[in-house]
Amino acid sequence: MSDTPDTRLWAEFAAICDCGGRQSGTASERAAVALLDRLGRAATGVAPQVLETAYDGWRAIEASVTDAAGQVLPATALLRSAPTPDDGLALELIDLGRGTAADFAAQAGAIAGRAVMVRHELMFCADTVHRRLKYGWALAHGAAAFIIVGPDEGSSVAGSSGRGGEAGIPAIGIAPETARQLLAGQAGPVPIRLTLLTEEAPALAPNLIFDMPGGTAESPGDRKEWVVLSAHLDGHALGESAIDNASGCAVALAVARALAPGMAERRRGLRLAFFNVEEWALTGSADYVARLSPQDRAAIALNVNLDSVAGGSRLTALTSGFAGIEPMLQGCADRVGLPLGLHRPLQRNSDHANFAEAGIPAFRLVAGFGEPEARTRHLLTRFDTRQIVAPQALEEARALAQAICETALDAPPEDAANWRA
Ligand SMILES: [Zn+2]
């Protein structure tokens, strides 16, 4: 097994960060698509298939919140949030603390018509209550607006609002100090004014798919099979979306570069996929999987999804209920000498979920899972920049992801059949 460090890994990671936060529909995202098109061609030696995904294009024009004393404070519009009227929305705010189901139930009679405030939680813990659930409870209780407080002093917090096809309610992220100023020492209700102006228009987001066919003369039946190595290229407007997910994109490039020269000797092909609009309810990969024929789906032996692969003390594989892939993953980690956590219940927190739900063995490799103090706690804030990523962490993720891809590319059919168990 090759384990030569990749000398271009950090420079390519930094170049992706240089594009900015890469929110879909912005110049930053377009720059990243152009960069990954170029770097992907160089790494794989092939031109990408460009798969345009239709999505609900949206952008925020202005977002702010005004406290009881009339001071205007900064806010971040959550993706796809509904707008307020142009002159804002005067509301009473109540603080629901963390914003669990129990917190909503305890204040059920006080929520209708008011703005609710909840707390952002570390995303990679088994007991995390996701923002989208909290937003859904706010809607169900008749709240008029949704405010989520970020984890870091000095930064607002981004994320998707969770709004689907319905009208929805205005939804913003704010910094902890902004929350304190709005509440002024009370749990509420306190008067505020929310201003959130947005634009919506149907849009297209390109996904980039690079196919490197494999297939040896000894295994002609396997040469139509694929290992899909994926990473989402889009992010949020705050910071550089460095951990989430410049890290995964850069590592995927490095793995493809290392494996490209020997593909003719592999049983299966390697498909490098950069998915777009992941932060918009996994839309890009959902579109990709939906367009696959039953034969195409059956031909994907494994999806290796790299999302936020730096910033923790170890990597964890979220194995999406596919217990059969765990021994293979553990064996790879042992061979490269890295610890690997395994977490089996399906987590719908990245693109692997769309593969798994279509019956394709799939896992997400993620750093910082179950580690409240890990640097992954800064995701979705302005602190998710290259400064919190160690070059060594990228190199370790590269070594493990490469070992997994090598094993998956060459595994005999009877082994690959076990992955579907
Ligand atoms: Zn991500």
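Everything numeric here is computed off the predicted structure, so don't read it as measured data.

Our next topic: the domain arrangement of the protein chain. You can read the domains of the protein chain as domain 1 (9-57 + 202-419) and domain 2 (60-200). Taking only C-alpha atoms, the centre of domain 1 and the centre of domain 2 are 32 Å apart. Taken together, the 26 residues of domain 1 in the interface contact 23 residues of domain 2. Of the roughly 1,900 Å² buried at the junction of domain 1 and domain 2 (both faces included), carbon and sulfur atoms supply 65%. Summed over the shared surface of domain 1 and domain 2, the number is 1 salt bridge.

Before going further, it helps to spend a moment on the sheet that holds strand 10 (residues 203-212). Taken in spatial order, the 8 strands of this open sheet run 1-10-12-11-13-16-14-15, and their pairing is mixed. Either end of the sheet is taken by a strand with one partner, and the two such strands are strand 1 (49-55) and strand 15 (340-343). Averaged over all neighbouring strand pairs, the angle between strand axes comes to 20 degrees, with direction disregarded. In this structure, strand 11 (residues 226-232) lies alongside strand 12 (residues 269-275), joined through 7 bridges in parallel fashion. Following the sheet pairing, H232 is matched in strand 12 by F275.

Inspection of helix 9 (residues 326-336) places E326, M328, L329, C332 and A333 among the buried residues, and these make up the whole buried set. Seen end-on, helix 9 carries its buried residues on one side only, within an arc spanning 165 degrees. Along helix 9, exposed side chains directed more than 90 degrees from the buried face belong to P327 and D334. Against strand 13 (300-306), strand 14 (315-318), strand 15, strand 16 (362-367), helix 11 (391-410) and helix 12 (413-419) lie the buried residues of helix 9.

Coordination sphere of the zinc ion, protein contribution only: H232 (NE2), D244 (OD), D307 (OD) and D307 (OD), at 2.0 to 2.5 Å. Because the angles between the 4 donor atoms bound to the zinc ion fall within 55 to 142 degrees, the donor set is best described as irregular. Expressed as a motif, the donor residue spacing for the zinc ion is H-x11-D-x62-D. With H232 in strand 11 and D244 in helix 6 (residues 242-259), the pair connects residues that are 12 residues apart, well separated along the chain. Across the pair, exposure class does not vary: H232 and D244 are buried alike.

Moving on, we get to helix 1 (residues 9-18). Of all the residues in helix 1, the buried ones are L9, E12, F13, A14, I16 and C17. Against the buried residues of helix 1 lie helix 2 (27-44), helix 6 and helix 11. Looking one or two residues past helix 1, G20 carries a phi angle of roughly 100 degrees, positive in sign.

On to the nonpolar core. F146, F274 and Y288 are the most contacted members of the largest nonpolar core, which has 102 residues in total. Counting residues per element, this core draws most heavily on helix 6, at 12 residues. Viewed by domain, this core spans two of them, domain 1 (9-57 + 202-419) and domain 2 (60-200), each represented by three or more residues. Apart from residues no more than four positions distant in its own chain, Y288 is found in contact with L51, I209, V228, R271, F275, I300 and F355.

In this section: the pattern of salt bridges. This model, assessed by the stated rule, comprises 22 salt bridges. Notably, a salt bridge pairs E200 with R163, separated by 3.2 Å at the nearest N-O pair. One end of the pair, E200, is in strand 9 (residues 190-200); the other, R163, is in the loop between strand 7 (145-149) and strand 8 (171-174), and 37 residues separate them in sequence. Using a relative accessible area of 41% as the deciding quantity, one classes E200 as partly exposed. Accessibility expressed as a relative area gives 14% for R163, which makes it buried. The salt bridge involving R291 is made with D287; its shortest N-O contact spans 3.0 Å. Separated by 4 residues within a single helix, R291 and D287 lie in helix 7 (residues 283-291), roughly one turn from each other. Members of the salt-bridge network, linked through shared partners, are D6, E12 and R257.

This next bit is on the side chain of S320. Assignment of secondary structure puts S320 in the loop between strand 14 and helix 9. Here L318 takes part through its backbone oxygen, which lies 3.4 Å from a polar atom of the side chain of S320. Not counting residues within four places of it along the chain, the set of residues in contact with S320 comprises H343, R344, P345, L346, H352, A356, A362 and F363.

What follows deals with the side chain of R22. Within the secondary structure, R22 is located in the loop between helix 1 and helix 2. An unpaired buried charge is present at R22: no salt bridge exists, and D384, the closest side chain of opposite charge, is 6.9 Å distant. Among the polar contacts made by the side chain of R22, one reaches the main-chain carbonyl oxygen of G20 at a distance of 2.9 Å.

What follows deals with the packing of aromatic side chains. What characterises a pair of aromatic rings is the spacing of the ring centres plus the angle enclosed by the ring planes. Across all of its chains, the model carries 9 aromatic pairs by this definition. Each ring, one from F275 and one from Y288, has its centre 5.4 Å from the other, and the planes form 55 degrees; the classification is tilted. Of this pair, F275 sits in strand 12 while Y288 sits in helix 7; the two residues are 13 residues apart in sequence, bridging distant segments of the chain. Each member of the pair, F275 as well as Y288, is classed as buried. Ring pairs connect the aromatic residues Y55, W58 and W280, which therefore count as one cluster. Over the aromatic face of W226 sits the side chain of R271, whose NZ or CZ is 4.4 Å from the ring centroid.

It is worth spelling out the pairing of strand 9 at this point. Of the pairings in the sheet, the one linking strand 2 (residues 58-66) to strand 9 comprises 8 bridges and is antiparallel in character. Note on strand 9: the bridge partner recorded for A60 is T198. Where strand 5 (residues 89-95) lies against strand 9, 5 bridges are found, and the strand directions are antiparallel. Directly across from L91, in strand 9, lies its bridge partner I192.

Calculation notes
- Sequence order as written defines the numbering, with residues in each chain counted from 1.
- The predicted nature of this model means local features are confined to residues of pLDDT at least 70 and side-chain atom pairs, given and counted, to a pLDDT of 80 or more, with totals for whole chains, interfaces and linings taken over all residues.
- Values reported for side chains reflect all heavy atoms of the structure, with hydrogen atoms and water molecules removed beforehand.
- Note that the domain bounds reflect an automated or database-derived domain assignment.
- Pairs of residues are marked as contacts when any of their non-hydrogen atoms sit within 4.5 Å.
- Take the accessible area each of two parts loses on contact, using a 1.4 Å probe, and add the two losses: that sum is the buried area.
- Criterion for a salt bridge: a side-chain nitrogen of Lys or Arg within 4 Å of a carboxyl oxygen of Asp or Glu.
- In short, DSSP must find at least two bridges between two strands for them to pair.
- Only DSSP runs of H or I reaching four residues or more are called helices, and only runs of E reaching two or more are called strands; each is numbered from the N terminus.
- Axes here mean lines fitted to C-alpha atoms, for a helix over just the part in contact, with angles spanning 0 to 180 degrees between N-to-C directions.
- Relative accessibility thresholds used throughout: buried, under 20% of the residue-type maximum; exposed, over 50%; partly exposed, between the two (1.4 Å probe, protein chains only).
- Throughout, the arc means that of the directions going from the helix axis to the C-beta atoms.
- A donor here means an N, O or S atom no more than 2.8 Å from the metal, or no more than 3.2 Å when the metal is Na, K or Ca. Since water is not included, a site may seem to lack partners.
- Only four donors with every angle between 85 and 135 degrees are called tetrahedral; only four or six donors with opposite donors over 155 degrees apart and all others between 65 and 115 are called square planar or octahedral, in that order; all others are irregular.
- To qualify as a nonpolar core, a set must consist of buried Ala, Val, Leu, Ile, Met, Phe, Trp, Tyr and Cys residues joined through side-chain atoms within 4.5 Å.
- Polar contact is the term for a pair of N or O atoms within 3.5 Å; when the atoms are in protein, one must be able to donate a hydrogen and the other to accept it, and sequence-neighboring residues count only if both atoms are side-chain atoms.
- Charge counting treats Lys and Arg as positive and Asp and Glu as negative, with His and both chain ends excluded.
- Only rings of Phe, Tyr and Trp enter the pairing, Trp through its six-membered ring, and a pair is recorded when the two centres are within 6.5 Å. The plane angle decides the type: under 30 degrees is stacked, over 60 is edge-to-face, the rest tilted.
- Consider the ring centre and the ring normal. A charge sits over the ring if Lys NZ or Arg CZ is within 6 Å of that centre and within 35 degrees of that normal.

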